[in-house]
Amino acid sequence: MTRKPKIRDLLDESACTHSPTKKNACNAPTPGATTGGCAFEGSQISLFPYADAAHLVHGPMTCVGASWETRLTHTSWAGRDLTQMGFTTGITTNDVVFGGEEKLRSSIDYIVERYAPEAVFVYSTCVTAMIGDDIDMVCKQAAEAHGIPMVPVHAPGFVGSKNLGSRIAGEAVLTHLVGTQEPETSSPFDINLIGEYNVTGDMWQYTPLLEELGIRVLSTLSGDGRVAHIRSAHRAKLNVIVCAKSLVSLTRKMQERYGTPFISVSFYGKRDTSASILAIAEALGDAELVARTKQLITREETRLAQQLAPYREIFEGKKAVLNTGGNKSWSIASALQDLGFEVVATSVKKATEADKEKAREYLGEAGILMTNPGQEQAKVIDQTGADLLLAGGRSLFTAIKKKIAFADVNQEKKKSYGGYAGLLNLAEDLKNALQNPVFKNVARRAPWEK
Amino acid sequence: MGEVMRKPDKPLQVNPFRLSQPMGAALAFLGIDRCMPLMHGGMGCTSFTKVFLTRHFCEPIAIQTTAVTDVTAVLDGGDGSIVEAVQNITKKVAPSLIGLHSTGLTETKGDDLRGVASQVDYPLVYVHSTDYEGGLESGWGKTTKALIEQLVEPTTATRTDKAVLLPHVSLTPIEVEKLKEFVVLFGFEVHALPDLSTSLDGHLGEKQSALSSGGTTVEVISELADAGLVLSVGDSMQPSAAALLKKNPSMSHLHLNHVQGLSATDELASALLEASGLEQPPPSVVRWRKRLQDAMLDSHFSLGQTRILLVGEPDFLAGAGKVLSEAGARITLALSTVDSPQLNNIPADRVRVGDLEDAEALQEDYDLIVGNCHTEALAHRFHKGLVLRGYPSWEVVGNQLQNDLLYEGGAYFLCEVANAAEHMRAAKHKF
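A quick note: this is a predicted structure, and the numbers were derived from the prediction, not measured.

So, on to the overall build of chain A. Secondary structure summary: chain A contains 19 helices and 13 strands in total. In terms of overall dimensions, chain A has C-alpha extents of about 70 × 65 × 45 Å along its principal axes. For chain A, the residues scored as buried account for 57% of the 450 residues in total. Sequence separation of 24 or more characterises 72% of the internal contacts of chain A that already satisfy a separation of 6 or more. With an accessible surface of roughly 18600 Å², chain A has 50% of that area assigned to carbon and sulfur atoms. Looking at charge distribution, chain A has the averaged site of its 51 positive side-chain charges lying 6 Å from that of its 50 negative ones.

Written out as structure tokens, the structure reads:
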């Protein structure tokens, strides 16, 4: 059992900024007073974008029945996109009583035979972990029988949060895939993108720029990812963590094991995109590359400024209140500022200590950091005279009541807001939100109401 | 009736459309006014359900979790996390009822919900809804039965002008409302249990509540046993009807497998005429029957040449299959989430319990699909016509306002399917 991740080790991540202060991000949830996903969901989110691998969920119906085909993690994989498929052993009472290993074994055989994946990820869930199915053994035997990697993912929902599930998924990739194959070619500018899932094609907003600079994305975990590429990830010169705290354990271990340094970046907004591209070039340590990169950034920023000019006219002087979670509390704020908005408040309810610092940095001393946005945001809108509320669907009523524009930033998004090009998408959406008369119209009183 | 295959012939499900019992239970509790469904399991079960229903209804969904962790999974019999959850919920909001329901995790560890419920000093209804048995439909049915058993006061008195409607899970909020209105037209006061028609019908409320708003109230439920007429719709609601009749054996019970299409609506109308003592139904009913007859004739040209795949819960398949086949459409394949006696009532060449991989393998057998949004990929892949119905339906707005029932809804439904079939044929000519 030495290959199973130690949950305690993963909870106590030394590279985590909040680790010394023991903040609540990794603590147990409170019954009756909590929302949010589980470890299983986190592991899914991290690994599902591997479209050339099958993702087999060993559990009852809830786990995948309510969660397949939900995320728009685009792929350029020419084969059938296995991300958009749901595979589950769908265990029944009989399996709970007699064990589900045999069913799991034949399910893997079935998938390999019909869909010829490059690998199979096998996810344990609460019920199959409780009944003690040995998915490590089944995976080991199946890998030998079929000659492709079988990756057991030990993230049953009850072990913790989504964040922990992502760490466990990273651990599974590190244990079973990374370092098991050599790349066909190598370059001094090979990087891995870690924690970028290519949701709505976010990654494709900036990877062409990296390619233009001669920086090669050797592998990703896991946006538009390939199993074969992640197997050779140990040969990369740099790990780039994209907006994801959860996979810092993986990059720390890769640094210890393979000497791969890592940096953490974000591609939301103009300033962050530019800073991130430059940070990658600098970390690769080539003066000529850095010079090329600065030229490219100037070119892109100039072009973007032209494209954004008509929007900036509309947004100038407009005030926005932002109510979202995690790194979005500053990354979207930064993007809004790039568009010309004044961000008067942001929520730091679900943010880490580092996120709060960044939010303060972006919003300045006058900016309001809301710790209880549900109760505060209406008051903040009144105080500041805000014109736009960006929040999850639940806050829609605040916008109707205050008769101001609303943009949903929490729903499963369909458009990319990443990179320079994504900022244009965001601008277009916010222009439409500000110009839409629906909030004023809906707030109209009925003729029979006083 | 055609061949019925009740058992899948493979070890796994590929592209499943079966949904879980806990989700059905949560949905039923959302049909109770000011209720807080409390799912007893890991927090992911609740999170998935919440996101799923939020996207389907485009409304915030009130639901809480007991957030079972690895430690409580092993050491706690459920008492600790449930009691703590109830305390934490009632600290912030005051639900009229807490709807406690289990999941696969807590059923595997064997928590005694009834025992825990007796320790909780708050109005609470419990139901065992493991997700490794049954599905959405049975979770809804079991919860309705539990609500009746645990809340309805027994009585011997009956009011002949009062009716109770027990609708199956696949009826949309507007369909429940249309059904209630139909019964009201015959002179009854009617209460639905559960009643999504006033809670998840997509109404814009005065403020956004942290609880369900609308739905049957707990007070109304406790007094349901004096109704003269119990009307159950869908096979999954038979046990609930039986539970209600136990509370007052003098109630009369009318069971309908479904209320879609001409013959089923005729059956309901004639039963209501008899129960109410009326000679004639109100003019609007008479008028809509004529419109349905006309819609059947208008749509039969197209439907008569269309082979259909139906995908959904058993009670839905029985109703949709009937109305379509009455206008000449051929249901060549009906795919059901789970097994049910209802599978014998589906007018299809082939009925099977399965998944969407099965539908893909048999894609040469049909031209048009009536099913949930997971069938959209299938329809695009093989250039099939598509009419979206059932859970989930994430990519369209207005699911809760979609009415296919009775004379009126039947007329609209047949026109919609016939038009979709024509669009499909027109698009095919271009290939």
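Here the narrative resumes, following the displayed structure.
As a further point, take the pattern of salt bridges. Applying the stated rule across the entire model yields 42 salt bridges over all chains. Residue lysine 103 of chain A pairs with aspartate 95 of chain A through a salt bridge whose shortest N-O separation is 3.0 Å. The pair lysine 103 of chain A / aspartate 95 of chain A is uniform in exposure class, with both members buried. A salt bridge links glutamate 360 of chain B to arginine 381 of chain B, with the nearest nitrogen and oxygen atoms 3.5 Å apart. Taken together, the residues glutamate 360 of chain B in helix 14 (residues 356-361) and arginine 381 of chain B in helix 15 (residues 375-382) connect sequence positions 21 residues apart. On the basis of relative accessibility, which here comes to 15%, the residue glutamate 360 of chain B falls in the buried class. Assessed through its relative accessible area of 41%, arginine 381 of chain B is described here as partly exposed.

Residue and element names in this part refer to chain A. Along its sequence, chain A is carved into domain 1 (7-176), domain 2 (190-300) and domain 3 (311-441). Taken over C-alpha atoms, the centre of domain 2 sits 27 Å from the centre of domain 3. Each partner contributes residues to the interface: domain 2 has 21 residues there, and domain 3 has 22 residues. The contact between domain 2 and domain 3 buries some 1700 Å² in all, and 53% of this surface belongs to carbon and sulfur atoms.

This part covers a positive patch on the surface. Residues Lys349 and Lys350 of chain A together with Lys91 and Lys92 of chain B make up a contiguous surface patch of positive charge. For lysine 350 of chain A, the position within the fold is in the loop between strand 10 (342-347) and helix 15 (353-363). Judged by relative accessible area, lysine 350 of chain A falls into the exposed class, the value being 63%.

On the side of chain A, 56 residues touch chain B, which itself brings 59 residues to the contact. When the two sides are added together, the surface that chain B and chain A hide from each other amounts to roughly 4900 Å², 61% of it contributed by carbon and sulfur. In terms of surface lost to chain A, no three residues of chain B exceed Met43, Phe48 and Tyr132 of chain B, which account for 15% of the buried area on that side. Our enumeration of links across chain B and chain A arrives at one salt bridge. Between arginine 80 of chain A and glutamate 360 of chain B there is a salt bridge, with its nearest N and O atoms 2.7 Å apart. Our count for the contact surface shared by chain B and chain A stands at 14 residue pairs in polar contact (both at pLDDT 80 or more). Element by element, the count of residues in the side of chain B that touches chain A is highest for helix 2 (residues 43-57) of chain B, at eight residues. Broken down by class, the residue content of the side of chain B that touches chain A amounts to 26 nonpolar, 17 polar and 16 charged.

The next subject is the packing of helix 14 (residues 328-338) of chain A against helix 15 of chain A. All names here are of chain A. Interaxial distance between helix 14 and helix 15 falls to 8 Å at its minimum, and their mutual angle equals 15 degrees. If you check the angle between helix 14 and helix 15, you find them roughly parallel. Where helix 14 crosses over helix 15, the handedness of that crossing is left-handed. On helix 15, the residues touching Ser329, Trp330, Ala333, Ser334 and Gln337 of helix 14 are Asp355, Lys358, Ala359, Tyr362 and Leu363. Tallied by class, residues from the contact of helix 14 with helix 15 come to five nonpolar, three polar and two charged.

Residue and element names in this part refer to chain A. Spatially, 11-10-9-12-13 is the arrangement adopted by the five strands of the open sheet, whose pairing is parallel. At either end of the open sheet lies a strand with only one pairing partner, and these are strand 11 (368-370) and strand 13 (405-408). Strand after strand, the sheet turns through a mean of 20 degrees between neighbouring axes, direction not considered. Note that strand 9 (residues 319-322) and strand 10 share four bridges and pair parallel. Its bridge partner lying in strand 10, leucine 322 is registered against threonine 346. Those strands touched by helix 16 (residues 373-384) are strand 9, strand 10, strand 11 and strand 12 (388-391), and its axis lies near 155 degrees from that of strand 11.

Here we take up the packing of aromatic side chains. Evaluation of the coordinates by the stated rule reveals 15 aromatic pairs over all chains. Centre to centre, the rings of tyrosine 206 of chain A and phenylalanine 267 of chain A are 3.6 Å apart; their planes meet at 5 degrees, and the pair counts as stacked. Of this pair, tyrosine 206 of chain A sits in the loop between strand 5 (190-194) and helix 9 (207-212) while phenylalanine 267 of chain A is found in the loop between strand 8 (262-265) and helix 12 (270-284), placing the two residues 61 residues apart along the sequence. Geometrically, the ring pair formed by tryptophan 330 of chain A and tyrosine 362 of chain A is stacked, given 6.2 Å between the ring centres and 10 degrees between the ring planes. Placement of tryptophan 330 of chain A in helix 14 and of tyrosine 362 of chain A in helix 15 is noted, with a sequence separation of 32 residues between them. For tryptophan 330 of chain A, a relative accessible area of 6% puts it in the buried group. When its relative accessible area of 15% is taken as the criterion, tyrosine 362 of chain A is described as buried. An aromatic cluster is built from Phe40, Phe48 and Tyr123 of chain A together with Phe48 of chain B, whose rings are joined through pairwise contacts. The ring of tryptophan 330 of chain A carries lysine 358 of chain A above its face, with NZ or CZ at 4.3 Å from the centroid.

Residue and element names in this part refer to chain B. Within the fold, threonine 144 resides in helix 7 (residues 136-151). Threonine 144 gets classed as buried once you look at its relative accessible area, which sits at 0%. Among residues more than four places away in sequence, those in contact with threonine 144 are Leu166, Leu193, Pro194, Met237 and Ser240.

For the rest of this paragraph, the subject is the pairing of strand 6 (residues 216-221) of chain A. Bridge count for strand 5 of chain A against strand 6 of chain A is five bridges, and the pairing is parallel. Within strand 6 of chain A, the residue paired with leucine 193 of chain A across the bridge is threonine 220 of chain A.

A few words now on helix 8 (residues 162-176) of chain A. Residues spaced three or four apart along an α-helix face the same direction, because each turn holds 3.6 residues. Residue and element names in this part refer to chain A. The end-to-end C-alpha separation of helix 8 is 21 Å, in line with the 21 Å expected for 15 residues at 1.5 Å each. Where burial is concerned, most of helix 8 is hidden: 12 out of the 15 residues are buried. All buried positions along helix 8 are accounted for by Leu164, Gly165, Ser166, Arg167, Ile168, Ala169, Gly170, Glu171, Ala172, Val173, Leu174 and His176.

Take the environment of glutamate 153 of chain B next. Residues and elements named next belong to chain B. Along the chain, glutamate 153 falls in the loop between helix 7 and strand 7 (159-167). For the pair glutamate 153 and aspartate 111, spaced 42 residues apart in the sequence, the C-alpha separation amounts to 27 Å. When near neighbours in sequence (up to four residues on either side) are disregarded, glutamate 153 contacts Ser222 and Ala225.

A common measure of how large an interface is: the accessible area buried when the components associate. All names here are of chain B. Each domain of chain B was delimited in the assignment, giving domain 1 (21-134), domain 2 (159-278) and domain 3 (286-428). Put simply, the middle of domain 1 and the middle of domain 3, counted by C-alpha atoms, are 34 Å apart. With eight residues of domain 1 at the contact, the number on the domain 3 side is 10 residues. Three residues stand out in domain 1 for area buried against domain 3, namely Phe52, Arg55 and His56, and they jointly supply 65% of the buried area on that side. Summed over the shared surface of domain 1 and domain 3, the result is one salt bridge. We note a salt bridge from arginine 55 to glutamate 395, for which the minimum N-O separation is 3.7 Å. Scanning the region where domain 1 abuts domain 3 turns up four residue pairs in polar contact (both at pLDDT 80 or more). With four residues, the single largest contributor to the side of domain 1 that touches domain 3 is helix 2. By residue class, the composition of the side of domain 1 that touches domain 3 is four nonpolar, two polar and two charged.

Cut-offs used in this document
- Residues numbered from 1 in each chain as written.
- Chains lettered and ligands numbered in written order.
- Predicted model: local features only at pLDDT ≥ 70, side-chain atom pairs only at ≥ 80, totals over all residues.
- Heavy atoms only, no water.
- Helix = DSSP H or I, 4+ residues; strand = E, 2+ residues; numbered from the N terminus.
- Buried < 20%, exposed > 50% of the residue type's maximum accessible area, 1.4 Å probe, protein only.
- Contact = heavy atoms within 4.5 Å.
- Areas by Shrake-Rupley, 256 points an atom, 1.4 Å probe, with all protein chains shown as cover.
- Lys, Arg positive; Asp, Glu negative; His and termini not counted.
- Charge placed at Lys NZ, Arg CZ, Asp CG, Glu CD.
- Salt bridge = Lys/Arg side-chain N within 4 Å of Asp/Glu carboxyl O.
- Domains from an automatic or database assignment.
- Buried area = accessible area lost by both parts, 1.4 Å probe.
- Patch = residues over 30% accessible without salt bridge, like charges linked within 9 Å, V, L, I, M, F, W, Y side chains within 5 Å.
- Polar contact = N/O pair within 3.5 Å; in protein donor to acceptor, adjacent residues only side chain to side chain.
- Nonpolar A, V, L, I, M, F, W, Y, C, P; charged D, E, K, R; others polar.
- Axes fitted to C-alpha atoms, helices over the stretch in contact; angles between N-to-C directions.
- Parallel < 35°, antiparallel > 145°, perpendicular 65-115°, else oblique.
- Left-handed = near helix turned anticlockwise from the far one by under 90°.
- Pairing = 2+ DSSP bridges.
- Phe/Tyr/Trp six-rings, centres within 6.5 Å; stacked < 30°, edge-to-face > 60°.
- Lys NZ or Arg CZ within 6 Å of the ring centre and 35° of its normal.
- Expected span 1.5 Å × (residues − 1).

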